[in-house]
Amino acid sequence: MARDVAIIGIGCTPFGEFWDRSFRDIFVEAGVAAIEDAGVQGEEIDELFVGNMSAGRFVEQEHISSLIADYAGLASLHTPSTRVEAACASGGLALRMGVLAIASGHADIVVTAGVEKMTDVSAQAATDMLTAAADREWEGFAGATFPGLYAMIARRHIHEYGTTSEQLASVAVKNHHNATMNPKAQYRNELTVEAVLRSTMIADPLHILDCSPLTDGSATVVLAPAETARKYTDTPIYIKASAQASDTISLHDRADITTLDATVSAASRAYAMAGMTPADIDFVEVHDCFTIAEICAIEDLGFFEKGTGGKVTEEGITAIDGDLPVNPSGGLKACGHPVGATGIKQVVEIAQQLRGEAGKRQVTGEVGMAHNVGGSGGTAVVHILTR
Amino acid sequence: MSVPRFWRHISSRYNLIGTRCNTCGEYYFPPRTMCPNCRRDGSIEEYQFKGYGEVVTYTIIHTASEGFDMQTPYPLAIIQLDEDPRMTGQVVCDNDEIAIGMRVKPIFRKLGEDGAAGIIYYGTKFIPA
Ligand SMILES: [Zn+2]
């Protein structure tokens, strides 16, 4: 990158269903925490980028760039504030915009945030709103749902590679176990494979316990040029790569139903940028909006051969004490998935892990990766971070 | 969905009218007006798909979006048409009858309804061939 970028502050709300807290309450909480952590003054902030998928439909509020600058107390400073949207990859995209603003030399201190308030509408309305991340005209109008699209990926993965429902369930079991050690997670209960398989079928072969939940939450990361980061913190976390890729919006138009080529492409750009290979990554937060999504992710990011993701998960290789810890936070599945906030929360988790501040779920390692997906794979964002 | 929004694609929804690029010979359904192979060198014209094809993957939808909840559980599939493109559509058959590789043909059916507006949408589904 033209100029290296570091994380100097992080903040995250608890994730869950907060009937007593509003959209603006949660982004202010995460933002204040991150800005306090960084020790920056409002006057120092050059730009705000906020990732959000659908405030317009979830809380009937557009123009949240202004709302956030306003309620963060920055209106009188007239700080530039920009909302970015790529469905569930909105958070990762906001971070990338912040990185580019600093790398280009245009800005010094940038606040990047993600926020979503999903539980002010009924679950059925939320299901429909999330379908807007797919092709409304040619997937949604045909009767597709988001779980339905990932179920069709799972069905094909089962057909081609012999992946089993038990292996899918083992992703949820692992991520729930990790979340028991994350005080901010939405679900902190252990699961069993049997409980997943017994749970209500949503879109065959995916049960409700194969799916990430509807969640309220917000997360914030404060960025600075790497060369000045130590002015603000003793533990800067360096962004070694920030990469993004797109693909067809519809699942049916993909070259291969079980491969997210956007993930493959974003990852290969990220590895090239960082001068690394998959073997250099010590732990990863992947986009497990459904159990099958984690299996595809660990294959498409280059960690495991195509078709073996289910088997390696069942064998414990991706467990928190395994060779490659995957989703130590509990992932989208158990930590929760406030869609616009997820990409930032993944990076907050990696920064906490690299700082050695992850408590009972602490993993060892110098290099972490975050992988954020929009829709069924129309967008992917990959970041590589080091101490 | 508003009436004009549905109506403007009615020939595609009812009769599987897609497009074909004369430059490279590729078929497109859903229709595209820009050929991804040839981009500005493409030459797009309408093409009537025959509608015969094969199930590439499928699911049984148990929890549906608004407007589709009266129909659950229903089979939904990605169909590879014989001309090559793939599309997403419902297959009208028993839930345990659908399988990968199954041959299908098109049928005109009610797709869904807009509760508030009271509009009923029709379009193409598939049945075992
Ligand atoms: Zn062409």
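Look up a bit, the structure's there.
Residues numbered from 1 in each chain as written. Chains lettered and ligands numbered in written order. Predicted model: local features only at pLDDT ≥ 70, side-chain atom pairs only at ≥ 80, totals over all residues.

### Structural notes on the overall build of chain A
So, step 1. Along chain A, the regular secondary structure elements total 13 helices and 11 strands.
So, step 2. For chain A, the C-alpha radius of gyration of 19 Å lies close to 21 Å, the compact-globule estimate for 387 residues.
So, step 3. If you line up chain A on its principal axes, its C-alpha atoms span 55 × 45 × 40 Å.
So, step 4. Per-residue burial over chain A gives 62% buried out of 387 residues.
So, step 5. If you take every contact in chain A between residues at least 6 apart in sequence, the share linking residues at least 24 apart comes to 77%. (Helix = DSSP H or I, 4+ residues; strand = E, 2+ residues; numbered from the N terminus. Rg over C-alpha atoms; globule rule 2.2 N^0.38 Å. Buried ≥ 20, exposed ≤ 12 C-beta atoms within 10 Å, placed from the backbone. Contact = placed C-beta atoms within 7 Å.)

### A word on the interface of chain A and chain B
So, step 1. Tallying the contact residues gives 28 residues for chain A and 25 residues for chain B.
So, step 2. Where the side of chain A that touches chain B is concerned, the elements lending two or more residues are α5 (123–131), α6 (146–161) and β5 (201–204) of chain A.
So, step 3. Tallying contributions element by element places α6(A) first for the side of chain A that touches chain B, with 6 residues.
So, step 4. Of the residues contributing to the side of chain A that touches chain B, the split by class is 12 nonpolar, 9 polar and 7 charged.
So, step 5. With 2 bridges joining them, β5(A) and strand β4 (residues 53–61) of chain B adopt antiparallel strand pairing. Bridge pairing in β4(B) places D204(A) opposite I60(B). (Nonpolar A, V, L, I, M, F, W, Y, C, P; charged D, E, K, R; others polar. Pairing = 2+ DSSP bridges.)

### Topic: the sheet that holds strand β3 (residues 81–84) of chain A
Residue and element names in this part refer to chain A.
So, step 1. Judged by pairing direction, the sheet is mixed, and its 9 strands sit side by side in the order β3-β2-β4-β7-β1-β8-β11-β10-β9 without closing on themselves. Only two strands of the sheet have a single partner each, and these edge strands are β3 and β9 (283–285). Going from strand to strand, the sheet's axes swing by 25° on average, the running direction of each strand aside.
So, step 2. By the bridge criterion, 7 bridges tie strand β1 (residues 5–12) to strand β7 (residues 216–225) in an arrangement that is antiparallel. Opposite C12, over in β7, you have A219 as the bridge partner.
So, step 3. Along the sheet face, helix α3 (residues 64–71) touches β2 (45–51), β3 and β4 (109–117) and points at about 135° away from the line of β3. (Axes fitted to C-alpha atoms, helices over the stretch in contact; angles between N-to-C directions.)

### What to know about the sheet that holds strand β3 (residues 44–48) of chain B
So, step 1. What the 3 strands build is an open sheet, ordered β2-β1-β3 (chain B); its pairing is antiparallel. At either end of the open sheet lies a strand with only one pairing partner, and these are β2 (27–28) and β3 of chain B.

### Some remarks on the environment of H207(A)
Residues and elements named next belong to chain A.
So, step 1. Mapped onto the secondary structure, H207 falls in strand β6 (residues 206–207).
So, step 2. You can call H207 buried: it has 23 C-beta atoms within 10 Å.
So, step 3. For the pair formed by H207 and V50, sequence separation is 157 residues and the distance between their alpha carbons is 32 Å.
So, step 4. Excluding its chain neighbours within four sequence positions, the residues that come into contact with H207 are V196, L197, S199, T200, M201 and I202.

### Quick look at helix α13 (residues 339–355) of chain A
Residue and element names in this part refer to chain A.
So, step 1. End to end, α13 covers 25 Å across 17 residues, agreeing with the expected 24 Å (1.5 Å per residue, within 8%).
So, step 2. Among the 17 residues that make up α13, 16 are buried, leaving the element largely enclosed by the rest of the structure.
So, step 3. Looking at the residues trailing α13, positive phi occurs at G356, about 80°. (Expected span 1.5 Å × (residues − 1).)

### A look at helix α7 (residues 165–179) of chain A
All names here are of chain A.
So, step 1. The end-to-end C-alpha distance of α7 is 22 Å, a good match for the 21 Å that 15 residues give at a rise of 1.5 Å each.
So, step 2. The buried fraction of α7 amounts to 12 of the 15 residues, a majority that puts the element mostly inside the structure.
So, step 3. On its buried side, α7 packs onto α6, α8 (193–198), α10 (291–300), α11 (309–314) and α12 (331–335).

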